[in-house]
Amino acid sequence: MELPQVQELMVSWRRMLKAQSVWVVVSDRDVICCWKNAAGLAWRSALWPPDGCRGGVPLQREPMGELLADLLLDCDVDGAQIELLLPVGACNWRVLEGVTLDKLAAANFSYLNPAVSGEIPPGQADYRSYLSLSDCVVEVSTPRQTLQSWIDVIELADLPLRRVTWTLGSAFRATQCLVPLENAHVAWLVKHSESSSPRLILLRDGIPEVDCHLNLDMDLGNQVRQTVDAWTKLSNAFVSVSWVLTAPETEFHLLAEMLQCNGELLDLGIDSAFCPEPLLPDLEPVPLDPLAHLALMGAWQEAH
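Since we're looking at a predicted model, the values are computed, not measured.

Procedures and definitions
Residues numbered from 1 in each chain as written. Predicted model: local features only at pLDDT ≥ 70, side-chain atom pairs only at ≥ 80, totals over all residues. Heavy atoms only, no water. Phe/Tyr/Trp six-rings, centres within 6.5 Å; stacked < 30°, edge-to-face > 60°. Helix = DSSP H or I, 4+ residues; strand = E, 2+ residues; numbered from the N terminus. Buried < 20%, exposed > 50% of the residue type's maximum accessible area, 1.4 Å probe, protein only. Pairing = 2+ DSSP bridges. Axes fitted to C-alpha atoms, helices over the stretch in contact; angles between N-to-C directions. Parallel < 35°, antiparallel > 145°, perpendicular 65-115°, else oblique. Left-handed = near helix turned anticlockwise from the far one by under 90°. Contact = heavy atoms within 4.5 Å. Nonpolar A, V, L, I, M, F, W, Y, C, P; charged D, E, K, R; others polar. pLDDT = per-residue confidence, 0-100. 1 Å grid on protein atoms, 1.4 Å probe; cavity = no way out; pocket = protein on both sides within 12 Å on 5 of 7 lines; lining within 4 Å. Points joined across faces, edges and corners; volume = space filled by probe spheres on them. Patch = residues over 30% accessible without salt bridge, like charges linked within 9 Å, V, L, I, M, F, W, Y side chains within 5 Å. Areas by Shrake-Rupley, 256 points an atom, 1.4 Å probe, with all protein chains shown as cover. Salt bridge = Lys/Arg side-chain N within 4 Å of Asp/Glu carboxyl O. Lys, Arg positive; Asp, Glu negative; His and termini not counted. Charge placed at Lys NZ, Arg CZ, Asp CG, Glu CD.

Draft legend 1. Region of interest: the packing of aromatic side chains. In the structure shown here, the tally under the stated rule is five aromatic pairs. When the ring of tryptophan 93 is compared with that of phenylalanine 172, the centres are 5.8 Å apart and the planes differ by 75°; the resulting orientation is edge-to-face. Taken as a pair, tryptophan 93 in strand β7 (residues 92-97) and phenylalanine 172 in helix α4 (residues 167-178) lie far apart in primary sequence, 79 residues in all. For tryptophan 93, a relative accessible area of 6% translates into the label buried. Judged by its relative accessible area of 0%, phenylalanine 172 falls in the buried class. Among the aromatic residues, ring-to-ring pairing joins Trp23, Phe274 and Trp300 into one connected group.

Written out as structure tokens, the structure reads:
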């Protein structure tokens, strides 16, 4: 008979020998796991328990942990080391202008959304991570309590947590690789399955300058035009705006028609650049969420 300590040691040893990264994209609605197998990149998804997660915060950590563990066990994924991508609603971001990562103390703090420019900068209650751009830094802040709740979910699944990033931040990284952002004005309209309202992100020379939520009770086209017009007027010369659309297939064409009236709509071509396949297609009623698809690509690129 093996002692419990010996059994734990053997499990840890097998995990180490078969260690592999599993990217886990979580939202208020579901969890998506992606990993590399013999056939390439595979993914599976599962719905959280009802009211399991709200506003990017897990409310039923134990059943959510059990669901994640059972999902990977059902997929026969051995040695999973989790790379967690936090929900869109779990984090905020802002641009630190004229600063590099080694000179954050001299940062000129500037919120992305002018509507919240008067808010107090994130305090010690927030966990911060950073993305270096050309001549600035993007800071992503997460409430420590929210981050700890997700860490608890992974621990309750009895899985090692290797890394934590943000779904929108990783999707932004992938977008940088797929479309020409340098010396350009790009409007990125994001419609995610966990949010009812689209999100408009405006990028100048690859740097996000505006991030606003659009109101579904108002005309979306007018909101987009007014926001983009106000933004482009900040430039001294006429600028041409290119558009990127990330939205579920059921809403893509309607939103695309709206955007094509405002400028060129760029094709990301993500299906040819990064295309994980569902492990069991019959169990996936809808395609991989486009924002999760982008985020997985960004996380994969960062790891490789």
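Draft legend 2. Here's a closer look at the sheet that holds strand β13 (residues 199-204). Across the sheet, five strands lie side by side as β14-β13-β12-β15-β16; this open sheet has mixed pairing. The open sheet has two free edges, formed respectively by β14 (207-213) and β16 (264-265), since each of these has just one partner strand. Pairing analysis gives six bridges linking strand β12 (residues 185-190) to β13, with the strands arranged antiparallel. Paired with valine 186 across the strands is leucine 203, a residue of β13.

Draft legend 3. How the structure looks around the packing of helix α5 (residues 220-232) against helix α6 (residues 249-260). Relative to each other, α5 and α6 sit at 45°, their axes nearing to 10 Å. By the angle class used here, α5 and α6 are oblique. Where α5 crosses over α6, the handedness of that crossing is right-handed. Of α6, the residues touching α5 (which contributes Leu220, Gly221 and Val224) are Leu255, Met258 and Leu259. Residue composition of the contact of α5 with α6, grouped by class: five nonpolar, one polar and no charged.

Draft legend 4. Representation of the confidence of the model for the chain. Across the chain, the average pLDDT comes to 85, with 85% of residues at 70 or higher. Scored below 50 in pLDDT, residues 113-121 makes eight contacts in the model with residues more than four places away or belonging to other chains.

Draft legend 5. Quick peek at the sheet that holds strand β11 (residues 161-166). Spatial strand order, β11-β6-β1-β2-β3-β17: six strands in an open sheet with mixed pairing. With partners counted over all chains shown, the strands left at the sheet margins are β11 and β17 (277-278), one partner each. One ladder, built from six bridges, connects strand β1 (residues 20-26) with strand β6 (residues 80-86); its direction is parallel. What sits directly across from tryptophan 23, in β6, is glutamate 83.

Draft legend 6. Seen up close, the layout of surface pockets. Roughly 1100 Å³ of internal volume is contained in the largest pocket. Lining the largest pocket are 41 residues, with Glu249, Pro287, Leu288, Asp289 and Pro290 positioned closest to its centre. When residues of the lining of the largest pocket are traced back to their parent elements, those giving at least two are β1, β2 (30-37), β3 (40-47), β15 (241-246), α6, α7 (270-273) and α8 (290-303). In terms of residue class, the lining of the largest pocket is made up of 25 nonpolar, nine polar and seven charged.

Draft legend 7. Spatial organisation of the pairing of strand β10 (residues 136-143). Among the eight residues of β10, seven are classified as buried, and the element is accordingly described as predominantly covered. Examined bridge by bridge, β7 and β10 share six bridges and lie antiparallel to one another. Opposite asparagine 92, over in β10, you have serine 141 as the bridge partner. Looking at chain direction, strand β9 (residues 126-132) and β10 are connected through seven bridges and run antiparallel. The residue bridging leucine 131 from the neighbouring strand is valine 138, located in β10. Here β9 folds back onto β10 in antiparallel fashion, the turn holding three residues.

Draft legend 8. Geometry of a negative patch on the surface. Taken together, the side chains of Glu97, Asp135, Glu182 and Asp205 define an acidic patch exposed on the protein surface. Along the chain, aspartate 135 falls in the loop between β9 and β10.

Draft legend 9. Geometry of the packing of helix α2 (residues 61-74) against helix α3 (residues 144-156). One can describe the packing of α2 onto α3 by two numbers: an axis separation of 7 Å at closest approach and a directional angle of 50°. Relative to α3, the element α2 is oriented oblique. Judged by the sense of rotation from one axis to the other, the crossing of α2 with α3 is right-handed. Residues Arg61, Glu62, Met64, Gly65 and Leu68 of α2 form the contact with α3, whose own contacting residues are Ser149, Trp150, Asp152, Val153, Ile154 and Leu156. Split into classes, the residues belonging to the contact of α2 with α3 amount to six nonpolar, two polar and three charged.

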